[in-house]
Amino acid sequence: MAKLLQAALVSVISSLCMFVLPWLATCMHCPQNLVHWDAQCPTKGESGNFKQFACPSKEYNDLASLFFNTNDDVIRNLLSINTPNEFHAVSLLIFLVSSYVLALITYGTAVPSGLFIPVIISGATYGRLVGMFMRSLNGLKKLDEGLYAFLGAASLLGGSMRMTVSLCVILLELTNNLLMLPLAMLVLLISKTIGDLFNHSVYDQIVHIKGLPFLEEYPEPYMKHLTALDVCTGSLVTLSGLERVGTIVDVLKMTNHNAFPVIDDGESVSKSPTFFGLILRSHLLVILKHREFLSSKTIVSVDHAQRFTSVDFAKPGSGKGSKTVDIEFTEQEREMFVDLHPFTNTSPYTVVDTMSLAKAFTLFRQLGLRHLCVVPKTSGTKPIVGILTRHDFMPEHVLNLYPQLKQSRWKRLRLRPSIIRRATQWGSFWKMFKI
């Protein structure tokens, strides 16, 4: 209900801006030399450059022409060339502020909206404003405002989304003018480089705001100075190979971990515990739901795993899995035992506690793991010291543990391999269009 009200509120605000703000603009006389796709002024219908709104005959409202048009026509109007007096500076300023604010409050609501088209519109608007300012200077009357609108859209796209080659192709197809390619490449590289000095792209920041544990392609430089043990800070909850039902139920209720290490006492002379494997939370719920329990803490010859099928352990749909609160047990059942050995993954991915965190990061990401077990390098200690998940590799978590590793954002630019690869990609891209 809250999302519906939020979308309705944004709709009301957008409607008020569209119907109220055009009254602030002044009417402008229709131009004398119209191109073929603007055969009349004022235009009639849904599309067109010149909306009459409340203006008299032979005049149009430039701000209404921007608000009461589709996004395609708005972009086409802003990027149009040889139209120096089509828009007033005040109208463009009002449209820039309103479109920017509406894009901020609309993105993230429960409506199918994005940022790509609003960024192009906002960038083209302020680019056209810069072009009008440049034309007002002495000796620069021949500059085209449409060119500045194109470069403004390219700069805002490159500075906010930090994409280079793909944006260059999109902008090139938008204008169908190969001569604009060098300018678009230059603007995109400059805007991306300057933006990287301050923060990440807008989509990376949205992922961070939503708290999604997204791992970058390469580990941070400071991770090579840490070990896997350095980030294992959470309390490790383990289960025995033969575990009491009540203990399993309490662990599932008190924690939200997705997997638990299974520790086996073993039959060696030293009776030292050994790491047997990893069992998932969903598998424990399936075992408890079927109630295949043992009356004593002894392993019987009967294999209870044969009473389960692969369908029982199949991944359920969203929100359809079993929960601990859905299963009730009597006091007698809580005192019984479960043999976890047949249901445990006995070959999980493991690393030693002295491994570099950067290497563990690469292994975790390349293999697409969800859990990475950390075992001690020397014997005689705990059989397992921790489990690494995505959250343990996040820079926010690592820097929170070791704030002295945080680098200044004004760090010196260095010729890194990624920059060399990017320059090579640009060279190959330019050869495609070279005659």
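Residues numbered from 1 in each chain as written. Predicted model: local features only at pLDDT ≥ 70, side-chain atom pairs only at ≥ 80, totals over all residues. Heavy atoms only, no water.

Engineer: Help me understand the overall build of the protein in this model?
Structural biologist: Counting secondary structure elements, the protein contains 16 helices and ten strands. Within the protein, contacts between residues at least 6 apart in sequence are counted, and of these 68% link residues at least 24 apart. For the protein, the accessible surface area stands at approximately 25900 Å², while carbon and sulfur atoms represent 60% of it. (Helix = DSSP H or I, 4+ residues; strand = E, 2+ residues; numbered from the N terminus. Contact = heavy atoms within 4.5 Å. Areas by Shrake-Rupley, 256 points an atom, 1.4 Å probe, with all protein chains shown as cover.)

Engineer: Would you take a moment to explain the sheet that holds strand 5 (residues 259-264) for this structure?
Structural biologist: Pairing between the strands of a sheet comes from backbone hydrogen bonds, and it takes one of two forms, parallel or antiparallel. Taken in spatial order, the three strands of this open sheet run 3-5-6, and their pairing is mixed. Here the strands that pair on one side only, and so sit at the sheet edges, are strand 3 (239-240) and strand 6 (274-280). Where strand 3 and strand 5 come together, two bridges link them in parallel fashion. The partner of Leu-239 across the bridge, within strand 5, is Val-262. Sitting on the sheet, helix 11 (residues 281-290) touches strand 3, strand 5 and strand 6, and the angle it makes with strand 6 is about 80 degrees. (Pairing = 2+ DSSP bridges. Axes fitted to C-alpha atoms, helices over the stretch in contact; angles between N-to-C directions.)

Engineer: How should the pairing of strand 9 (residues 372-375) be read in this particular structure?
Structural biologist: Consecutive side chains of a regular strand alternate in pointing toward one face of the sheet and then the other. Alternating positions in strand 9 separate into two faces, Leu-372 and Val-374 on one and Cys-373 and Val-375 on the other, with burial throughout. Summarising the sheet, strand 8 (residues 350-352) and strand 9 pair through three bridges and their orientation is parallel. Bridging from a neighbouring strand, Val-351 pairs with Val-374 of strand 9. With three bridges joining them, strand 9 and strand 10 (residues 386-388) adopt antiparallel strand pairing. Of the residues in strand 10, the one forming a bridge with Cys-373 is Ile-387. (Buried < 20%, exposed > 50% of the residue type's maximum accessible area, 1.4 Å probe, protein only.)

Engineer: Where do I start with helix 1 (residues 2-20) in this structure?
Structural biologist: Residues that lie three or four places apart on an α-helix share one face, since the helix turns once every 3.6 residues. The terminal C-alpha atoms of helix 1 lie 27 Å apart, and with 19 residues this matches the ideal 27 Å at 1.5 Å per residue to within 8%. If you check which residues of helix 1 are buried, you get Ala-7, Val-10, Ser-14 and Cys-17. Angular distribution of buried residues about the axis of helix 1 spans 85 degrees; they occupy a single face of the element. Those residues of helix 1 that are exposed and angled more than 90 degrees off the buried face are Ala-2, Leu-4, Leu-5, Leu-9, Leu-16 and Phe-19. Check the buried side of helix 1 and you find it contacts helix 2 (62-67) and helix 4 (89-106). (Expected span 1.5 Å × (residues − 1). Arc of directions from axis to C-beta.)

Engineer: Which parts of the structure should I look at to understand the nonpolar core?
Structural biologist: In globular proteins that are soluble, nonpolar side chains generally tend to be buried together. Residues Leu-66, Leu-78, Leu-92, Phe-95, Phe-150 and Leu-157 are the most contacted members of the largest nonpolar core, which totals 40 residues. Secondary-structure elements contributing two or more residues to this core are helix 2, helix 3 (71-78), helix 4, helix 5 (116-136), helix 6 (145-161), helix 7 (165-175) and helix 8 (181-196). With seven residues, the single largest contributor to this core is helix 6. Among all residues touching Leu-92, those that are not within four sequence positions of it are Leu-66, Leu-78, Phe-87, Thr-125, Arg-128, Leu-129 and Met-132. Within the second largest apolar cluster, 22 residues are counted, among which are Val-237, Val-251, Val-262 and Phe-308. (Core = buried A, V, L, I, M, F, W, Y, C linked by side-chain atoms within 4.5 Å.)

Engineer: Teacher, can you tell me more about the packing of aromatic side chains here?
Structural biologist: Two descriptors summarise a pair of aromatic rings, namely the distance from one centre to the other and the angle between the planes of the rings. By the definition in use, this model includes eight aromatic pairs. With a centroid separation of 5.5 Å and 70 degrees between ring planes, the pair formed by Phe-19 and Phe-68 is classed as edge-to-face. One end of the pair, Phe-19, is in helix 1; the other, Phe-68, is in the loop between helix 2 and helix 3, with 49 residues separating them in the sequence. Aromatic ring contacts, followed pair by pair, group Phe-19, Trp-23, Phe-53 and Phe-68 into a single cluster. (Phe/Tyr/Trp six-rings, centres within 6.5 Å; stacked < 30°, edge-to-face > 60°.)

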